[in-house]
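Remarks on the overall topology
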Amino acid sequence: LRSRGLGDVYKRQRVQRAGIGEFVVMGSKLRVAPVVLPDSLQARLRRLYPTAKYLQQAEALLVPLPERHGEILAGAELLAWSWQLLDALFPLATD
């Protein structure tokens, strides 16, 4: 996908502010690391993404990518889904 300008910069900064070094697609999963999820966010993870795996010792999160009609989402739809996941599990601190 081509860059959309400042929106892409914001999204990269958003990932960095959450302390995430890896936010990458690996096969059919999204890998997010390093992450430390408190119990409340682990419960939210189980509720929103029941097939996701939180690897506490590895400080990593593996979330199966969403599918439609047996095909993994791609492009703008996959990006939108990934930002929804980021917002759900790593909310910005409010001042």
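About the thresholds
- Residues numbered from 1 in each chain as written.
- Predicted model: local features only at pLDDT ≥ 70, side-chain atom pairs only at ≥ 80, totals over all residues.
- Heavy atoms only, no water.
- Phe/Tyr/Trp six-rings, centres within 6.5 Å; stacked < 30°, edge-to-face > 60°.
- Helix = DSSP H or I, 4+ residues; strand = E, 2+ residues; numbered from the N terminus.
- Buried < 20%, exposed > 50% of the residue type's maximum accessible area, 1.4 Å probe, protein only.
- Pairing = 2+ DSSP bridges.
- Axes fitted to C-alpha atoms, helices over the stretch in contact; angles between N-to-C directions.

Scanning all chains against the criterion turns up two aromatic pairs. Between F23 and W83 the ring centres are 5.5 Å apart and the planes differ by 15 degrees, which places this aromatic pair in the stacked class. Taken together, the residues span a long stretch of sequence, with F23 in strand 1 (residues 22-26) and W83 in helix 3 (residues 75-89) at a distance of 60 residues. The exposure class of F23 is buried, given its relative accessible area of 17%. The class of W83 is buried, set by a relative accessible area of 18%.

To continue, consider the sheet that holds strand 4 (residues 60-64). Taken together, the four strands give an open sheet; going across it, the order is 1-2-4-3, and neighbouring strands pair in antiparallel fashion. Two strands in the sheet have a free side with no partner beyond their single neighbour: strand 1 and strand 3 (53-55). If you compare each strand with its neighbour and ignore which way they point, the axes differ by 20 degrees on average. Here three bridges tie strand 3 to strand 4, and the two strands are oriented antiparallel to one another.

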